[in-house]
Amino acid sequence: MDFFLDPLNSSQTLMVMPYLRPFDDPEFGTIGEVVDFLKQTLEGLFFMHSHGVAHRDCAAGNIMMDGRPLYPHGHHPVRLDYAPDAIHDVHPLSRIDNPVKYYFIDFGISSRFRDGEAPYVLGTEGRDKDPPELSLHTPYNAFMLDMYVLGNVYQKEFLDKYHGLEFLQPLVSSMLQDQPEGRPTAEAANMAFQKIRLSLNDSILRWRLRSRFESAPERVVYDTLAVAKEGIYHLKRLLK
């Protein structure tokens, strides 16, 4: 966004970057919020790949968001659940009604390939150690690595944690194929996702995410609160 000389060391420059927060803080609340996350991250990956850039470390820790729509009055930069004064609690708005923008960060091990250049790399760096092709000796496709790493984010952060997202499993499973050549390209994954999105009824997007770890009593309470919240939402729309 801007840069200026370090006032204490003229040989260094300070860069001003957007203030972001972890993509999953606060937690996701509805199916539609997860769908929007997939939409943005798949589009972002396709954009990078179409320009010859492989991120190579697009794991959960390197995806953040601009949380301003959820905190219109701001929040403390360290005590994230508090107001800027660090004294009063703040309660975020919902993403489904106040969409946020997600960002890939940390391009420290990213690679850029010229047109026609083979996208093969070596290395085992990165946050995600699950991709089976990681190697110091056998070159692997950097673009296909990105597909696995992002698919692993979807699997571990959403499908393993919540009910109701089974419609995403075929796409995610294809991204997690052990053989890199069996995974879809970012473009193909985007096309597959768009077909999934078109098949979803808009009302489904507002359904709450049900944790796989909540008890039966908790489920009853949370479902009741979710129904009441949706009733208030639709009532407000009718009054408008």
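Residues numbered from 1 in each chain as written. Predicted model: local features only at pLDDT ≥ 70, side-chain atom pairs only at ≥ 80, totals over all residues. Heavy atoms only, no water.

- Per an unreviewed UniProt entry, the protein carries the name Protein kinase domain-containing protein and comes from Somion occarium.

**Remarks on the packing of helix H1 (residues 31–50) against helix H2 (residues 142–159)**
Working step 1: Where H1 meets H2, the axes come as close as 11 Å, and the angle between the chain directions of the two elements is 170°. Classified by the angle their axes make, H1 and H2 are roughly antiparallel. Residues Val 34, Phe 37, Leu 38, Thr 41, Leu 42, Leu 45 and His 49 of H1 form the contact with H2, whose participating residues are Phe 143, Asp 146, Met 147, Leu 150, Val 153, Tyr 154 and Phe 158.
Working step 2: The residue makeup of the contact of H1 with H2, split by class, is eleven nonpolar, two polar and one charged. (Axes fitted to C-alpha atoms, helices over the stretch in contact; angles between N-to-C directions. Helix = DSSP H or I, 4+ residues; strand = E, 2+ residues; numbered from the N terminus. Parallel < 35°, antiparallel > 145°, perpendicular 65-115°, else oblique. Contact = heavy atoms within 4.5 Å. Nonpolar A, V, L, I, M, F, W, Y, C, P; charged D, E, K, R; others polar.)

**Describing the pattern of salt bridges**
Working step 1: Taken as a whole and assessed by the stated rule, the structure comprises nine salt bridges.
Working step 2: In this structure, the salt-bridge partner of Asp 25 is Arg 21, at a minimum N-O distance of 3.3 Å.
Working step 3: With relative accessibility at 23%, the residue Asp 25 sits in the partly exposed group.
Working step 4: A salt bridge links Lys 39 to Glu 43, with the shortest nitrogen-to-oxygen separation between them at 3.2 Å. Placement of both Lys 39 and Glu 43 in helix H1 is noted, with a separation of four residues, approximately one turn of the helix. (Salt bridge = Lys/Arg side-chain N within 4 Å of Asp/Glu carboxyl O. Buried < 20%, exposed > 50% of the residue type's maximum accessible area, 1.4 Å probe, protein only.)

**Considering the environment of Leu 145**
Working step 1: Mapped onto the elements, Leu 145 comes out in helix H2.
Working step 2: Owing to a relative accessible area of 2%, Leu 145 belongs among the buried residues under this scheme.
Working step 3: Put simply, Leu 145 and Cys 58 are 87 residues apart on the chain and 9.4 Å apart in space, counted from C-alpha to C-alpha.
Working step 4: Beyond its immediate stretch of four places on either side in the chain, Leu 145 contacts Arg 56, Pro 131, Glu 133, Leu 134, Tyr 140 and Arg 183.

**Quick word on H2**
Along an α-helix, a turn takes 3.6 residues, which lines up residues three or four apart on a common side.
Working step 1: Taking 1.5 Å per residue, 18 residues should reach 26 Å; H2 reaches 25 Å between its end C-alpha atoms and fits that length.
Working step 2: Measuring from the backbone nitrogen of Phe 143 back to the side-chain oxygen at the start of H2 gives 2.9 Å, which picks out Asn 141 as the cap. (Expected span 1.5 Å × (residues − 1). Polar contact = N/O pair within 3.5 Å; in protein donor to acceptor, adjacent residues only side chain to side chain.)

**A closer look at the packing of aromatic side chains**
Working step 1: Scanning the entire structure with this criterion turns up ten aromatic pairs.
Working step 2: With 4.9 Å between their ring centres and 25° between their planes, Phe 23 and Phe 37 make a pair best called stacked. A residue pair is termed long-range when its members are at least 10 positions apart, and Phe 23 in the loop between strand S3 (21–22) and H1 and Phe 37 in helix H1 qualify at 14 residues.
Working step 3: For Phe 37, a relative accessible area of 0% corresponds to the buried category.
Working step 4: Members of the aromatic cluster, connected to one another through ring pairs, are Phe 23, Phe 28, Phe 37, Tyr 102, Tyr 154 and Phe 158.
Working step 5: In this arrangement the basic side chain of Arg 79 is found over the ring face of Tyr 82, its NZ or CZ atom lying 4.0 Å from the centre.
Working step 6: A cation sits over an aromatic face here: Arg 95 above Phe 28, 3.8 Å from the ring centre. (Phe/Tyr/Trp six-rings, centres within 6.5 Å; stacked < 30°, edge-to-face > 60°. Lys NZ or Arg CZ within 6 Å of the ring centre and 35° of its normal.)

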